[in-house]
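# Notes for the structure review
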Amino acid sequence: MNLKLSAVFLGLTLVAACQSTSKAPDWYLNPVVMNSGSLVAVGEAASLDKAKQKAMSALNQQLWTEVKSKGQSRNIANDINGQEHYQQLNDFSVNTKTSAVVLNGVVFSKAQQVGGTFYVEAKVDKAKIKTQLLADIESYNQQAQFELDSLAKVDPLVWWLRNADVSSLEQSMASRLSMLAALSSLENTPKNLIPQLKVKVAQVHSGIKVAIAAKPNDQLMKKSVTVHFTESNIQVVDGSSSRFTHKLILDTDWRKNYISDMYISTVQVNLILKNQSGNVLASSEIIANANSVTSYERANEGASRRFSAKLEEQDFWKALGL
């Protein structure tokens, strides 16, 4: 026990000795971060580059701290089965992992090496951050406006595929607006076209109706294609009785061989996607095969399942040629 205590005491003595000879700078130990015109942060590491990276990361964290401090929390009471429950809403709730901003105009105002450790201080003007945020917001609005304007010139299905995931753009816009509101009081809130784009994407999506044309022997493949459309919440309709906006044709060529007591079936499927006017939007080819020791029927089923697997492997939309 005495040996263990001696070892612990010796270790603490060494740490204290190192600290006394390699003391961090006062400006690092007591950083001035409360600055109305700038964001200030410090960082330390075994190399100058890593110390700068840590200071940059701390600047981003400082920015998000300001956002959160300016955010408003609201408690809403709900009566559920006679019991009162509270729900807290944070007005500037943004995913910091996906919405971090790469700050421009950062100045490393101080740098010092003490022993084997580098210490740096990073500073960036809030006015520069505001200019950067406004430029990002304008860029996102331009993207949204471009897509809204291009809808009249692009097929609805192709346009929807291009804009199906608006969430990343929506998060980026929300984060910039939140930061801007936290950093400065604006007389006029910048416009935000992302909600308008999101509404239009939903409208276009709801209007897409696909009819699938397949031969009686190709119903298994038709079923697998239908599943992929329905997974994307796209309506699949009967082309003979309902109106449709697009038509997918499964043009198949079956080949059969009997070799060494094996029934072998090979199917060449030409996938042809047309719009309402009959113009071809995309086309592709998938070849699938399978074998059976019992019958061609079993081999055909295996080839159809292999076709379905290839749709999955290639990504459905790419497999269609889009």
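Rules of the game
- Residues numbered from 1 in each chain as written.
- Predicted model: local features only at pLDDT ≥ 70, side-chain atom pairs only at ≥ 80, totals over all residues.
- Heavy atoms only, no water.
- pLDDT = per-residue confidence, 0-100.
- Contact = heavy atoms within 4.5 Å.
- Helix = DSSP H or I, 4+ residues; strand = E, 2+ residues; numbered from the N terminus.
- Expected span 1.5 Å × (residues − 1).
- Buried < 20%, exposed > 50% of the residue type's maximum accessible area, 1.4 Å probe, protein only.
- Arc of directions from axis to C-beta.
- Core = buried A, V, L, I, M, F, W, Y, C linked by side-chain atoms within 4.5 Å.
- Pairing = 2+ DSSP bridges.
- Axes fitted to C-alpha atoms, helices over the stretch in contact; angles between N-to-C directions.

### Thoughts on the confidence of the model for the protein
In the predicted model, the protein carries a mean pLDDT of 82, and 80% of its residues have values of at least 70. For the stretch residues 1–20, pLDDT sits under 50, and the model shows 0 contacts to residues farther than four places along the chain or on other chains. Every residue in residues 71–98 is under pLDDT 50, and counting partners more than four places away or in other chains gives 39 contacts.

### Quick word on helix α8 (residues 219–231)
Each full turn of the α-helix corresponds to 3.6 residues, which orients residues three or four apart in the same direction. Along its 13 residues, α8 runs 18 Å from first to last C-alpha, staying within 8% of the 18 Å computed at 1.5 Å per residue. What α8 keeps buried is the set Met221, Ser224, Val225, His228 and Phe229. Buried positions in α8, seen along its axis, are confined to an arc of 145 degrees and lie on one side of it. Among the exposed residues of α8, those oriented more than 90 degrees off its buried face are Lys223 and Glu231. Buried positions along α8 lie against β6 (209–213), β7 (235–237), β8 (246–259), β9 (262–275), α9 (296–314) and α10 (316–319).

### Details of the nonpolar core
Ranked by size, the top nonpolar core spans 56 residues in total, and within it Val225, Phe229, Leu248, Leu271 and Phe307 carry the most contacts. When residues of this core are assigned to their parent elements, the largest contribution, 6 residues, is made by helix α4 (residues 126–150). With sequence-adjacent residues up to four places away left out, Val225 is seen in contact with Ile212, Leu248, Leu250, Phe307, Leu311 and Phe316. By size, the runner-up hydrophobic cluster in this structure holds 5 residues, among which are Ala24, Val42, Val114 and Tyr119.

### Considerations on the sheet that holds strand β4 (residues 107–114)
Pairing is antiparallel in the open sheet, where 3 strands are placed in the order β1-β5-β4. One side of each edge strand has no neighbouring strand; the edge strands of this open sheet are β1 (38–45) and β4. For this sheet the average axis-to-axis angle between neighbouring strands, irrespective of direction, equals 15 degrees. Note that β4 and strand β5 (residues 117–125) share 7 bridges and pair antiparallel. Directly across from Lys110, in β5, lies its bridge partner Glu121. Packing against the sheet, α4 makes contact with β1 and β5, and its axis sits at approximately 65 degrees to β5.

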